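Residues per chain, in single letters:
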Amino acid sequence: MSEAPRKHSLTLGGHRTSVSLEDAFWTGFKELAAARGLGLNEAAREIDATRDPGTGLATAIRLAVLRHYRDR
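These remarks concern the structure in this document. Please read these numbers as outputs of a predicted model, since none were measured by experiment.

Details of the side chain of H68
For H68, the location among the structural elements is in helix α3 (residues 57-70). Those residues within four positions of H68 in sequence are excluded, and the remaining contacts are E31, L32 and A35.

A word on the environment of E3
Note on placement: E3 falls in the segment before β1 (6-12). Relative accessible area serves as the criterion here: at 37%, E3 is assigned to the partly exposed category. Setting aside chain neighbours within four positions, we find E3 in contact with E22, D23 and A24. Separated by 2.4 Å, the side chain of E3 and the backbone nitrogen of D23 make a polar contact. Polar side-chain contacts of E3 include one of 3.5 Å to the backbone nitrogen of A24.

Structural notes on the packing of helix α1 (residues 23-35) against α3
Taken N-terminus to C-terminus, the directions of α1 and α3 make an angle of 65°; their axes are 9 Å apart at the nearest point. Here α1 and α3 pass one another in a crossing that is left-handed. Taking contact as the criterion, the partners of F25, G28, F29, E31, L32 and A35 in α1 are, on α3, I61, R62, A64, V65, H68 and Y69. Its residues assigned to classes, the contact of α1 with α3 shows eight nonpolar, two polar and two charged.

Quick notes on the rules
- Residues numbered from 1 in each chain as written.
- Predicted model: local features only at pLDDT ≥ 70, side-chain atom pairs only at ≥ 80, totals over all residues.
- Heavy atoms only, no water.
- Helix = DSSP H or I, 4+ residues; strand = E, 2+ residues; numbered from the N terminus.
- Contact = heavy atoms within 4.5 Å.
- Buried < 20%, exposed > 50% of the residue type's maximum accessible area, 1.4 Å probe, protein only.
- Polar contact = N/O pair within 3.5 Å; in protein donor to acceptor, adjacent residues only side chain to side chain.
- Axes fitted to C-alpha atoms, helices over the stretch in contact; angles between N-to-C directions.
- Left-handed = near helix turned anticlockwise from the far one by under 90°.
- Nonpolar A, V, L, I, M, F, W, Y, C, P; charged D, E, K, R; others polar.

All quantities given are derived from atomic positions and should not be read as evidence of function.
As structure tokens, this is what we get:
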């Protein structure tokens, strides 16, 4: 059973952008941000600032969520 990604809006550096994430990853991203005491935009900014230039933002968020749960 696959879940289609849905677009979600974020603001990075004053600019609106959207990322396509499956609901499970969006929920995990919200939990990751809350655990760090950050808002979603701030968490996305941190992920964006440290991601490899060849890695898309949505993929970087998925990987951050995976690391968050793996490291718990």
